[in-house]
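The chain contents come next:
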Amino acid sequence: MTQAFELTVNGRRVRIETHPDTSLLHALRNELGLKGPRFGCGLGLCGACFVQMDGKVVASCDTPMWSAEGRTVVTVEGLEPGEGLHRVQQALLDEQAAQCGFCVSGIIVNAATLLDTNPDADEEAIVEALDRNLCRCGVQRRVVRAVMKARCEGPCHVTPEDAS
Amino acid sequence: MTVQREIVAAPALPKDLAANPVLSRWVTVHSGGTIDVRVGKVELGQGILTALAQIAAEELGVDLEQVRMPPANTAHGPNEGQTSGSMSIIHSGPAVRAACAQVRARFTAEAARRWDVDPDLVTVRQGLFSCGERAVSYGELAGVVDLDVAADPGGPLTSGDRSVLVGMSAARLDLPDKIAGRPRYIHDLALPGQLSGRVLRPPSPGARLLRVDESRLADLDVRLVRDGSFIGVVGADEAEAMRAVQVLRDATTWEESDSLPDEDDLSAFLRSGPHETIEVLTPEGPEPEGRTIRATYSRPFLAHGSMAPSCGIARWNDDGTLSVWSHSQGIHGLRAAIAQALDMDAERIEVEHAENAGCYGHNGADDAAFDAVLLARDVPGLPVQVQWSRQDELAWSPLASAMTADVRAVVGESGSVSSWRYDVWSQGHTSRPGYLGVPGLLAGAHLERPWSYPAPGDPPAVVGAGTVRNGVPIYDFPDRGVTGHRLLETPIRTSAMRALGAYMNVFAIESFMDELALATGADPLEYRLRHLGDARGRSVLEAAARSAGWGNPAEEGVGLGLGFARYKDKGAYCAVVAEVEAESDIRLRRLTIAVDVGRVVNPDGVRNQIEGGATQAASWTLKERVRFDRRRITSDDWESYPILRFSEAPEVSVEIVETPGTPSLGAGEAAQGPTAAAIANAVAAAIGVRVRDLPLTADAVVAAIEAAED
Ligand code: FES
Ligand code: FES
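Since this is a predicted model, take the numbers as computed values, not measurements.

What follows deals with the overall build of chain A. Tallying secondary structure elements over chain A gives five helices and five strands in all. Taken from N to C terminus, the helices and strands of chain A fall in the order β-β-α-β-β-β-α-α-α-α. Its C-alpha atoms give chain A a radius of gyration of 16 Å, within 12% of the compact-globule value 15 Å for 164 residues. Residues counted as buried form 62% of the 164 residues belonging to chain A.

For the rest of this paragraph, the subject is the packing of helix α16 (residues 603–623) of chain B against helix α17 (residues 672–687) of chain B. Helix packing for two helices is described by the angle between their axes and how far apart those axes are. All names here are of chain B. Viewed as axis vectors pointing N to C, α16 and α17 meet at an angle of 50°, and their least axial separation amounts to 8 Å. Overall, the two elements α16 and α17 adopt an arrangement that is oblique. In this structure, the crossing between α16 and α17 has a hand that is right-handed. Between α16 and α17, the residues in contact are G613, A614, A617, A618, W620, T621 and L622 and Q672, T675, A676 and I679, respectively. Tallied by class, residues from the contact of α16 with α17 come to seven nonpolar, four polar and no charged.

The interface is formed by 64 residues belonging to chain B together with 53 residues belonging to chain A. In this assembly, chain B packs against chain A so that about 4800 Å² is buried in total across both faces, 53% of it on carbon and sulfur atoms. Here B:D188 ties to A:R29 by a salt bridge, and the two come within 2.8 Å at their closest N and O atoms. Across the chain B-chain A interface, the total number found is 29 residue pairs in polar contact (both at pLDDT 80 or more). Per-element accounting of the side of chain B that touches chain A gives the leading share, ten residues, to α16(B). Taken together, the residues that form the side of chain B that touches chain A break down as 27 nonpolar, 18 polar and 19 charged.

Residues and elements named next belong to chain B. With the rule as written, the count across this model stands at 52 salt bridges over all chains. Close ionic contact of D514 with R528 constitutes a salt bridge, the shortest N to O distance being 2.8 Å. Linking D514 in helix α13 (residues 502–519) with R528 in helix α14 (residues 524–530), this pair joins segments that are 14 residues apart in sequence. On the basis of relative accessible area, R528 is assigned to the buried category, the value being 0%. Several salt bridges share partner residues, and in doing so they unite R172, D174, D177, K178, R182, R184 and E355 into one network.

Under the UniProt annotation, the feature "domain: Aldehyde oxidase/xanthine dehydrogenase a/b hammerhead" (unreviewed entry) is placed at residues 180–258 of chain B. Annotated as residues 180–258 of chain B, this span is 19% helix and 33% strand, and its ends, taken at the C-alpha atoms, are 47 Å apart.

Residue and element names in this part refer to chain B. In terms of domain boundaries, chain B breaks down into domain 1 (7–178), domain 2 (187–256 + 304–396) and domain 3 (403–429 + 466–709). When each unit is reduced to the centre of its C-alpha atoms, the spacing between domain 1 and domain 2 is 37 Å. Every contact between the two is made by 17 residues of domain 1 and, on the other side, 15 residues of domain 2. Here domain 1 and domain 2 share an interface that buries about 1400 Å² over both sides, 50% of which is from carbon and sulfur atoms. Broken down residue by residue, the surface that domain 1 buries against domain 2 is led by L44, N73 and T74, which jointly contribute 41%. There are one salt bridge connecting domain 1 and domain 2. A salt bridge links K178 to E355; the shortest N-O distance between them is 2.9 Å. When grouped by side-chain class, the residues that make up the side of domain 1 that touches domain 2 number six nonpolar, eight polar and three charged.

Another point: the sheet that holds strand β2 (residues 35–37) of chain B. Read across the sheet, three strands follow the order β1-β2-β3 (chain B) without closing on themselves; strand pairing throughout is mixed. The sheet is open, and its two borders are formed by β1 (27–29) and β3 (67–68) of chain B, each paired with just one other strand.

Turning our eyes to something else, we now look at the domain arrangement of chain A. Residue and element names in this part refer to chain A. Entries for chain A in the domain assignment read domain 1 (3–78) and domain 2 (87–157). The C-alpha centroid of domain 2 is placed 22 Å from the C-alpha centroid of domain 1. Taken together, the contact pairs 15 residues of domain 1 with eleven residues of domain 2. Surface buried jointly by domain 1 and domain 2 totals about 1100 Å² across both partners, of which 57% is contributed by carbon and sulfur atoms. The three residues of domain 1 that bury the most area against domain 2 are F50, V57 and V76, which together make up 46% of that side's buried surface.

All names here are of chain B. I338, F370, W420, I593, W638, I679 and L696 are the most contacted members of the largest nonpolar core, which totals 208 residues. Per-element accounting of this core gives the leading share, ten residues, to α13. Once residues within four sequence positions are removed from consideration, I593 is found in contact with C574, A575, V576, I610, A614, V652, S653, V654 and E655. Membership of the second largest hydrophobic core comes to 50 residues, among which are V37, A51, V122 and V145.

The next subject is the packing of aromatic side chains. Residues and elements named next belong to chain B. Following the criterion strictly, the structure yields ten aromatic pairs over all chains and no others. Aromatic ring contacts, followed pair by pair, group W420, Y475, F477 and F512 into a single cluster. Cation over ring: R271 sits above W425, and NZ or CZ is 4.1 Å from the ring centre.

Turning next to the side chain of B:N73. Residue and element names in this part refer to chain B. Here N73 lies in the loop between β3 and α5 (88–115). A distance of 3.2 Å separates the side chain of N73 from the backbone nitrogen of H76, its partner in a polar contact. A distance of 2.8 Å separates a polar atom in the side chain of N73 from a polar atom in the side chain of E352. In this structure N73 touches I331, E350, V351 and E352, once residues within four positions along its chain are discounted.

Glancing now at helix α15 (residues 535–548) of chain B. Residue and element names in this part refer to chain B. Over its 14 residues, α15 extends 20 Å from the first C-alpha to the last, a length consistent with the 20 Å expected when each residue adds 1.5 Å. Residues R536, G537, V540, L541, A543, A544 and A545 constitute the buried set of α15. Among the structural elements, α14, β21 (558–566), β22 (573–582), β23 (586–596) and β24 (651–656) are those in contact with the buried residues of α15.

Our next topic: the pairing of strand β15 (residues 322–326) of chain B. Residues and elements named next belong to chain B. Counting buried positions over the five residues of β15 gives five, a clear majority of the element. Residues L322, V324 and S326 line one face of β15 and the alternating positions S323 and W325 line the opposite face, and both faces are buried. As paired strands, strand β14 (residues 311–316) and β15 are joined by five bridges and run antiparallel to one another. The residue bridging R315 from the neighbouring strand is S323, located in β15. Between β14 and the antiparallel strand that follows it, β15, lie five residues; G320 among them carries a positive phi value of about 85°. Both β15 and strand β16 (residues 349–353) contribute to a ladder of five bridges, which runs parallel.

Time to look at the packing of α13(B) against α17(B). Residue and element names in this part refer to chain B. At their nearest, the axes of α13 and α17 sit 7 Å apart, and the two run at 35° to each other. Where α13 crosses over α17, the two elements pack in a sense that is right-handed. Contact residues: α13 offers A502, Y503, V506, F507, E510, S511 and D514, while α17 offers Q672, G673, P674, A676, A677, A680 and N681. Its residues assigned to classes, the contact of α13 with α17 shows eight nonpolar, four polar and two charged.

What counts and what doesn't
- Residues numbered from 1 in each chain as written.
- Chains lettered and ligands numbered in written order.
- Predicted model: local features only at pLDDT ≥ 70, side-chain atom pairs only at ≥ 80, totals over all residues.
- Heavy atoms only, no water.
- Helix = DSSP H or I, 4+ residues; strand = E, 2+ residues; numbered from the N terminus.
- Rg over C-alpha atoms; globule rule 2.2 N^0.38 Å.
- Buried < 20%, exposed > 50% of the residue type's maximum accessible area, 1.4 Å probe, protein only.
- Axes fitted to C-alpha atoms, helices over the stretch in contact; angles between N-to-C directions.
- Parallel < 35°, antiparallel > 145°, perpendicular 65-115°, else oblique.
- Left-handed = near helix turned anticlockwise from the far one by under 90°.
- Contact = heavy atoms within 4.5 Å.
- Nonpolar A, V, L, I, M, F, W, Y, C, P; charged D, E, K, R; others polar.
- Buried area = accessible area lost by both parts, 1.4 Å probe.
- Salt bridge = Lys/Arg side-chain N within 4 Å of Asp/Glu carboxyl O.
- Polar contact = N/O pair within 3.5 Å; in protein donor to acceptor, adjacent residues only side chain to side chain.
- UniProt positions renumbered as here; feature names shortened; annotations may be inferred.
- Domains from an automatic or database assignment.
- Pairing = 2+ DSSP bridges.
- Core = buried A, V, L, I, M, F, W, Y, C linked by side-chain atoms within 4.5 Å.
- Phe/Tyr/Trp six-rings, centres within 6.5 Å; stacked < 30°, edge-to-face > 60°.
- Lys NZ or Arg CZ within 6 Å of the ring centre and 35° of its normal.
- Expected span 1.5 Å × (residues − 1).

Take a look at the structure:
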């Protein structure tokens, strides 16, 4: 029942043999060893598995392989083409905007996609975009602050009011 | 340098070190210079390993980067029991401190011996021992200093060296991996030969498996495993195993029955016994004459809702031993429970901790590990990784108990409380593996020879109790009675979740304090302070009120509310002021928090824990309720069990109030109860209506308004 699928993942052409109903998430994690997209619900409801597909943010758990054929996929591991971290990742690290960190892969993909398409996104736009991502540890406000910082070119004026 | 000796002479080793005295259990110095510090506490997303690494580095006299914290393991590390109850820094902190101080002393002695100088003349900085021109590193001495020795009860408990490390906001050691999306969690482990396992849980708690039509699985490349009503599959491909479980759902026939209570009348369920009566404070005499005010509060069952469904890995080795990887909070307890369930020698089982998403108590971690053990039995020599579904995680993990409480106070002429009576009803708050004399692992109840699952118990009072945790108000009331009523028969599996009974008890006590203040025409802050002699408590309350602008005129439709407690009566102090905007909907705008957590190891870590705890508590308070019909739990995804979203998350500010010279207290569970009460009090302040039954949804507010109009 398996079938071959060709797609571009993080800039690389790949060929994956799997059942057409296998989710993109499981193909990425198990066939390509990309563990950055996480399994949180498998129902498209939490955002832990978010990846970019043709530039749009999708739930990879909810994307069967038959619909991923020929597409261009970017995971959290591939957001920054070179070495190092995407500026959203760096900002999250600087702000220590994570506790368990399980939700952050999907949050990063979502926020990075937003800023890459709309570098001036304001707080409202950031919150609206991230409303599709759940976080149980309660780091939402830290994440929003971090993403707002990531937005700034040069010196940044977003200062958390409770900064230490 | 001679000062050290005087500071450190102390009579006894810290408890966890005394129980695991051999230094090499805790510390290994590698010749390359890296120092492994093993602890029995586990990383649950709370940053505990970073805080303990800071302490270790400070005591050893090395940079943080030189310290590595390997995962806890039953065979190689110290046994420090559970990682729970905000006790990690309290228990493990002093043990790590003393173990590392003694390691440092032994290395110092060796350097001194080499150079033939007095050890007091040897200093340690950044991992380098020196005396005059001479210097030698930890790594260079590693081969000669023997750490296979017991800690010396007369030896140092600290080096007395206060570097800048402790008290500094060190960046979390685990976050770079997590933010880069690297493999880090138990889900990401890929051991050689690893297979995927999936379990088909029964359709309802009381269900019994009658028949399986195995022919339906013929086309699927999986192996079927069955033991009584426990049924699952193992296969090489995870996606195939997932499909197989879908097929199996339709290929099985079950006998089911109604066993659950009425979700709309939990109060009656909780109050109709049998109960264990827990007398916490027995009043000395009858209540005095005076104006009596009373109220009843409740909260529903809650789910842990960790972002990652539980996962476990097990491998039966060729020599008959069993290896298990789990994100359990208590790997030693899990090992004992597996041994008991399978009637095998615990010595033959090794459990290693592997990180997972945030853990807020006894969730499905241990159960998933046992699932893996059962499935792996059929494929000896190969590791099986069992991944739970989101639905199973929400419906089958232990829940946090619903609770209800009656409070009654008599107030005197001045409005002050002259008598206080508190009764709380709840299921027990722990059924951790092994706790009730049985393994307590979910699948155990479904086996051909099943293990019973007794009603959950409560931790003993010395570790903070369960149902009555924080049941005693911190205020100086002259006459007090506090009684808990723990339900002894129940079909619902509950266990420990962050703060246990404290969330409900503080919600009730602090809501009622506001009701008393309002009924007697007092300001809620003044009313609390009037009854509060505890100086640390007063400063925390005043600090939160000050930062929140307490007493300033509020905008129309906006209310401020206060909530305060000292967690477990001897832990962290926490005061929360909630700012709520209530018009067509309830909008929690802001939480202004002050805490006193004693000595602070990592200030940003404490802030992060308090912010997270308060935000999660806001979610419980505003949105959450486990739903069920008479047969099964029906809230099994994020639509039927909604939690707080980005657009609903309040701004949280945390002020740390330090009381110099006080020991460190855990921070992870201090904010939950105060946050709930602060929100409810703020809603009451904003719209003049009090909601006493959680969650505080828009529907609940409408119902409260209607009830008030009747
Ligand atoms: S795992 Fe894909 S949205 Fe939750
Ligand atoms: S940091 Fe744990 S779920 Fe978001």
